[in-house]
Each structure stands twice: as C-alpha cells, then as structure tokens.
Amino acid sequence: MKSFANVNARDAKDAVAKLGQPNAVAVGGGSDLLGMVKEHLVEPDVLVHLKSIRKLDQVSAKAGEVQIGGLITLDTLSREPAIRSRYTVLAEAAESVGTPQIRNAGTLAGNVCQRPWCWYYRNGFPCFKAGGKQCFSITGENQFHAIFGGGPSFIVHPSDTAPALVALDAKFRVTNSDGERTIPAAEFFALPRVDAARENVLAQDEILTAVDLPAARPHTRSTYHKVLDREAWTHAVVSAAIVLEMDQQVCKSARIVLGGVAPIPWRLPKVEAMLAGKPITPELAAQAAEAALEGANPLAKNAYKVPLTKAVVRRTLLSLATKA
Amino acid sequence: MSKISRRRFVEGTGAGLVATTVPLQGQTAKAAAAVPHTTVKLTVNGTVHRLDVEDRWTLAEVLRDHLGLTGSKIGCDRGECGACTVLLDGKNVYSCSQLAVWADGRTVQTVEGLAQNGKLDPLQEAFIEHDGPQCGFCTSGQLMSAKALLNHNPHPTTDEVRAGMTGNICRCGNYNHYVESVLAAAATLAADSRRKA
Ligand SMILES: Cc1cc2nc3c(=O)[nH]c(=O)nc-3n(C[C@H](O)[C@H](O)[C@H](O)COP(=O)(O)OP(=O)(O)OC[C@H]3O[C@@H](n4cnc5c(N)ncnc54)[C@H](O)[C@@H]3O)c2cc1C
Ligand code: FES
Ligand code: FES
C-alpha cells in the first residue's frame, strides 16, 4: 500500500482538527477504505482513525429517543435488544450487510459514508466519482445501476443501513470545526445532479458522529427486505425499508424507502400517502407497487429491476402489515 | 520486473523484505526511512509482542511476514475471500483489512493458536474427520470463523453455521463438508461439557 501515517483521534473535535491536515481521510472499520487505498483510488497521507474515540460506539436512550454512536459496529448494532425490538428495520439492515467479518469491523457511520461500488469506479475508470467528466455505465455494463434519480452519474447508493435510517426519520449528527450540526437523514444524501463526485453533503473535514432515532411510536412495525444476486455476501440489487404505524388492520402512516435503485436512498412519498388511513389488502399492496415504480427510467441492461422492485414492495408491505 | 515503478516497489512489506536482504541506497533508503511507523503491543496466541510496524502494514502482513505465522493466508487482500480470517478480541475479522496499528493493545488469535498443549481443537479434529478441507487454502480462515461462531453460539443450527461462515469462500466448493464439520464439533463440545457436568 501507499505509505501514510495513522493518527488516532481522541474525540470528535480532535478528529476534525486532524482531518484539517493536508490529504487526510477519516477511517472507521476500514472495510471499504483500505481496499480503496490498495487500489490507489484514494491516496491519503494521513488516516484519521475514528475507532480510537471512546464511547462513540454505544446506544443510549433519552426521553424515548435513542442515540446511536456512529462508531458502533454493524454486528453490535444488529444484536442490540432495543434496536431489534423497536427499530427492527435498522437491526435487519445492519445484519444483512456483507459477511460476519465485515460486520465485526464495519461501523454504522462508515456504512452510511461508504463510496459507491460501481465496477467502473472501483476499477479505476476516470468517471465522475473519480473526478472525471463521464459515467461509463450509461453505454456500458449497467445491470446494477440506477433506475431512479440517475444523471449525470448512475451509481446506486450502496448502504443497507441508509434506507433504514431514512425510513426511521433519523437525524444525523455531524461534527465540524464550528461544532456540531444536525441533518435529517433524508437531506444528508445528495443526488449526482447536485454534486456528481459525492454521495452526501459532508465537507472533507466533517464527520458523522451519531444518529438520533425519534421515539418509536406505539403499534409501529418495521422490516428490511434485501434482494441479492446470490444468497449472501454482497450489496443489495434492490431493497426495501418499510415502517408502518398500524391501528388494528388499518395503516395509520407508512414510510417506504428503497435501496439499490437510485444514487440516494429512494423515498416514496406518493406511495406512503396512498397507504395512510387504509387497511393494507393484497389489492392495495399491488397498487402501491405499481405507483412505486412510476417514473422509473431503466438503462439498457437493468429493466429487470422494475418488476423486481414491484414484487419487493408488494410482498414486503403485505407480509409486514399482516404479520401477527 | 523492469515495469515496476519505484513507488509500487517500495509499497507494503516489499520495502521491509528488501531492507533485510539488500543494503538500501540513495532515494530508496530515504523513502523507506520516511515511512511512518509506530510501536505496537500485540498479544498473539497468548504471547505479547512489541513490534515496530509501518502504519500501512496490515495485520495479515505482520502476522505472516514478521511473526512467521503463515497459517493465515492472503487470498484476495481485499476483504472478500476470508482466507486471512483471525480473531481480534474474540471476533472474526479479515486481517488483510485491519491495519496492525489498529490492533495495538488488543488480542489476536490465529489458526496456530487453536491447538492447546499439542492437542488439536475439536474443530480441527472434526475438520479432519469430515474431510472439511480439499486443497486447504481457505481452511485456516474457515476454522477461525467457526471458532468465532461457537464462541458466541455453542449450539448452532445448520442455517446458523451457514450464516456464520458466509464470509469464507471455498473455491473447491467444499461448503457442505465444512458445515458438517462445524456441527460435529459443536456436538462433541456439548457431549464433553455434559460429561464434565
Ligand atoms: C466483500 C464486501 C461486502 C460488502 N457488503 C456490503 C453490504 O452488503 N452492504 C453494505 O451496506 N456494505 C457492504 N460493504 C461495504 C462496507 O465494507 C461496509 O458498508 C462497512 O460498514 C463500511 O464501514 P467501515 O467502518 O468499515 O468504513 P470505512 O472503510 O472505515 O469508511 C468508509 C468510507 O466512509 C468514510 N467514513 C468512515 N467513517 C466516517 C465518519 N464517521 N464520518 C465521515 N466519513 C466516514 C471513510 O473516509 C470512507 O470513505 C461490503 C464490503 C466488502 C469488502
Ligand atoms: S485475503 Fe483477506 S479476505 Fe481475502
Ligand atoms: S478447500 Fe480449497 S479453497 Fe477451500
């Protein structure tokens, strides 16, 4: 690997100060970043190691709200009883990531901030994500690329926990040299038409330090359903994070966010509105699935994602609503 | 060889290995001296080591090239295959995707640390009995993931074993034998603890 200095951050403020050095990058578990360094996609002189920050890997509850330290590993997060029972969608999303070894090393913040896994970018093509001026997937091998929100880059956001956090209406705590700012999860992610080189609104010397979850409402149920091109080990081809607030058979409110289909977690406000106040029947779930795919714009080799996503929305919605 | 640039040449442990065999000269010597390094304390298979490591060295490189523990293999060096799996504070991780400096003060167990007092671990016995390995390249990683699994779940179901071992790819495709081996080892351990109780 290229040589670099590893510096251990003492706390979030210290991390931000250290990120102010020339050519410094933040690292959590390193399960994404080290591969990028080995491939010369990132060539840092300084790695600011965040896992050395104490107490940023814990789950704490305050007045019903839950705060999750950004450095918690995905494995610990997925086993946390309070998360499993009341924020099931997040536990299931964390549990679905890669492999046990990735989940033991990978952090929640690193999962949310991981770079795209588009094979052109990862193989050194000079695309938008690498600071270039084109997206090779448009006329190339685009079977795993975006069907929504694409252009000028057509990556899909790779994080499993990101759709879950948007569906839960989480707030992201970001530390920078001025202190801290809080950003709603949905506004943290940015479409390529805003900035094609990046996936979120973080500045170079900002870090994601924690995630706040609003108090879980009574009679709320949630789930994460992930479809892969094999049984395990990899990113979602399509996924759905769904949170339903139920009153007996009737859906009081719904939040539905898709993964694997767009450069950001793809929320479906229109579908959410059509479910509110109605019992979720097979017919309504099918209508919701049709509405979910309105405006989809597949590329030459990923039209299969349209019926696949419909099936994921319809089945996940129905099984969650009718779960005992 | 002539195509390798100096930068690539001094990358990784290459520089360390060269340093021991060829006297470093001029530019290369300066470049190597400028590489940031740190002294770390690693407890590996129960032995404490104080080592001066380059910050960029992975745990896999340090275990294999500097401590001579070549049981952990490097297959992909990208956190994809699992051949390099070791336990870090009891949890299975890809040692190719951890820097050695991050393991400072922590405890590492490698495949060499499984046998105790010359007696193989029940997992190793079961791997032999059930023909777990074929070519054997992935085997030490499979053993370490199985060890991590049984550490926190001593009575796994078949599906739990499969899930616990998804991070270990076997190019010989001997997955079913590995799963059988782990289930058999769990059964042996359960019988042992009943006998002791
Ligand atoms: C084989 C394999 C399979 C994988 N499968 C999946 C999968 O199924 N689902 C999935 O979601 N991911 C997957 N990943 C991607 C990734 O490894 C995980 O998402 C992991 O959670 C990343 O976390 P980390 O802490 O290791 O990140 P790091 O590698 O430490 O960091 C990732 C990126 O985020 C930045 N970063 C890290 N922490 C912060 C912070 N606090 N603030 C700001 N920026 C930060 C880093 O600079 C870097 O660019 C996979 C990776 C591999 C190698
Ligand atoms: S060598 Fe580490 S996962 Fe393949
Ligand atoms: S036994 Fe050959 S790779 Fe697994």
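Rules used throughout
- Residues numbered from 1 in each chain as written.
- Chains lettered and ligands numbered in written order.
- Predicted model: local features only at pLDDT ≥ 70, side-chain atom pairs only at ≥ 80, totals over all residues.
- Heavy atoms only, no water.
- Helix = DSSP H or I, 4+ residues; strand = E, 2+ residues; numbered from the N terminus.
- Rg over C-alpha atoms; globule rule 2.2 N^0.38 Å.
- Buried < 20%, exposed > 50% of the residue type's maximum accessible area, 1.4 Å probe, protein only.
- Areas by Shrake-Rupley, 256 points an atom, 1.4 Å probe, with all protein chains shown as cover.
- Near = heavy atom within 4 Å.
- Polar contact = N/O pair within 3.5 Å; in protein donor to acceptor, adjacent residues only side chain to side chain.
- Core = buried A, V, L, I, M, F, W, Y, C linked by side-chain atoms within 4.5 Å.
- Contact = heavy atoms within 4.5 Å.
- Axes fitted to C-alpha atoms, helices over the stretch in contact; angles between N-to-C directions.
- Parallel < 35°, antiparallel > 145°, perpendicular 65-115°, else oblique.
- Left-handed = near helix turned anticlockwise from the far one by under 90°.
- Salt bridge = Lys/Arg side-chain N within 4 Å of Asp/Glu carboxyl O.
- pLDDT = per-residue confidence, 0-100.
- Buried area = accessible area lost by both parts, 1.4 Å probe.
- Nonpolar A, V, L, I, M, F, W, Y, C, P; charged D, E, K, R; others polar.

1. Things to note about the overall build of chain A
Helix and strand counts for chain A come out as 13 helices and 13 strands. A globule of 324 residues ought to have a C-alpha radius of gyration of about 20 Å, and chain A, at 19 Å, matches this closely. Looking at chain A as a whole, 57% of its 324 residues qualify as buried. Roughly 13200 Å² of accessible area belongs to chain A as shown, and the carbon and sulfur atoms make up 53% of that amount.

2. Some points on the site of ligand 1
As a matter of local geometry, ligand 1 sits amid 33 residues, with Ala26, Gly28, Ser31, Leu33 and Thr107 of chain A nearest to it. Among the chains of the assembly, those with residues near ligand 1 are chains A and B. Thr107 of chain A is positioned such that a nitrogen or oxygen atom in its side chain is 2.7 Å from an oxygen atom of ligand 1. One of the backbone nitrogen or oxygen atoms of Pro158 of chain A is found 3.3 Å away from an oxygen atom of ligand 1. Considering ligand 1 on its own, with 980 Å² of exposed area, one finds that the protein chains cover 95% of that surface. Elements that contribute at least two residues to the shell around ligand 1 include exactly strand 2 (24-27), helix 7 (108-113) and strand 8 (207-213) of chain A.

3. Examining helix 1 (residues 12-19) of chain A
All names here are of chain A. In terms of burial, helix 1 is a largely internal element, 6 of the 8 residues being buried. Of the residues making up helix 1, those classed as buried are Ala12, Asp14, Ala15, Val16, Lys18 and Leu19. A side-chain oxygen of the first residue of helix 1 lies 3.3 Å from the backbone nitrogen of Lys13; this N-cap is Asp11.

4. Points about the nonpolar core
Ranked by internal contacts, the top residues of the largest apolar core, which has 44 residues, are Ile68, Ile83, Leu90, Leu165, Phe172, Phe188 and Leu213 of chain A. Residues in contact with Ile83 of chain A, not counting those within four places in the same chain, are Val59, Val66, Ile68, Leu77, Thr88, Leu90, Ala91 and Leu213 of chain A.

5. What to know about the environment of Ala130 of chain A
Residues and elements named next belong to chain A. Here Ala130 shows up in the loop between helix 8 (119-122) and helix 9 (161-167). Residue Ala130 is classed as partly exposed on the basis of its relative accessible area, which comes to 46%. Sequence-distant contacts of Ala130, that is, excluding residues within four places in its chain, are made with Tyr121 and Phe125.

6. Considering the packing of helix 5 (residues 122-129) of chain B against helix 8 (residues 175-196) of chain B
Residues and elements named next belong to chain B. Interhelical geometry of helix 5 versus helix 8 gives an angle of 135° and a closest axis separation of 8 Å. As far as their axial angle goes, helix 8 and helix 5 are oblique. As for the relative orientation of helix 5 and helix 8, their crossing is right-handed in sense. Residue-level inspection shows Pro122, Leu123, Ala126 and Phe127 of helix 5 in contact with helix 8, the latter providing Tyr178, Ser181, Val182, Ala184, Ala185 and Leu189.

7. Brief notes about the pattern of salt bridges
All names here are of chain B. Counted under the stated rule, the structure contains 29 salt bridges over all chains. In this structure, Asp159 and Arg162 form a salt bridge, with 3.6 Å as the shortest nitrogen-oxygen distance. Taken together, the residues Asp159 and Arg162, both in helix 7 (residues 158-164) and 3 residues apart, mark about one turn of the helix. By relative accessible area, Asp159 is classed as exposed at 56%.

8. So, the confidence of the model for chain B
For residues with low pLDDT, the predicted coordinates do not support detailed interpretation. Residues and elements named next belong to chain B. Within chain B, residue pLDDT values average 88, and 83% of them lie at 70 or more. The low-confidence segment residues 1-10 (pLDDT under 50) makes 13 contacts with residues lying over four places distant or belonging to another chain. This complex was scored by the predictor with a pTM of 0.94 and an ipTM of 0.96.

9. Things to note about the interface of chain B and chain A
In this assembly, 32 residues from chain B lie in contact with 28 residues from chain A. Both sides together, the interface formed by chain B and chain A hides about 2400 Å², and carbon and sulfur atoms give 54% of it. Linking chain B with chain A are 3 salt bridges, by the criterion used here. Residues Asp75 of chain A and Lys91 of chain B are paired through a salt bridge, measuring 2.8 Å at the closest nitrogen-oxygen approach. For the pair chain B and chain A, the interface holds 14 residue pairs in polar contact (both at pLDDT 80 or more). At the level of elements, helix 1 (6-9), strand 4 (91-94), helix 6 (139-152) and helix 7 of chain B are the ones that each hand at least two residues to the side of chain B that touches chain A. Of the residues in the side of chain B that touches chain A, the class split is 10 nonpolar, 13 polar and 9 charged.

10. Points about the environment of Arg173 of chain A
Residue and element names in this part refer to chain A. With respect to the secondary-structure elements, Arg173 resides in strand 6 (residues 171-176). The class of Arg173 is partly exposed, set by a relative accessible area of 23%. In the structure, Arg173 is positioned 11 residues away from Ala162 in sequence and 14 Å away in space, judged by C-alpha atoms. The residues contacting Arg173, other than those within four sequence positions of it, are Gln67, Glu180, Arg181, Thr182, Ile207, Leu208, Thr209, Ala210 and Asp212. A polar side-chain atom of Arg173 sits 3.1 Å from a polar atom in the side chain of Glu180.

11. A short note on the packing of helix 6 of chain B against helix 8 of chain B
Residues and elements named next belong to chain B. For the pair helix 6 and helix 8, the least separation of the axes is 11 Å and the interaxial angle reads 40°. Comparing the axis directions of helix 6 and helix 8 gives the class oblique. Remark: the crossing between helix 6 and helix 8 carries right-handed chirality. When helix 6 is examined against helix 8, the residues Thr139, Gln142, Ala146, Leu149 and Leu150 are found in contact with a partner set consisting of Tyr178, Val182, Ala185, Ala186 and Leu189. Along the lines of polarity and charge, the residues of the contact of helix 6 with helix 8 split into 8 nonpolar, 2 polar and no charged.

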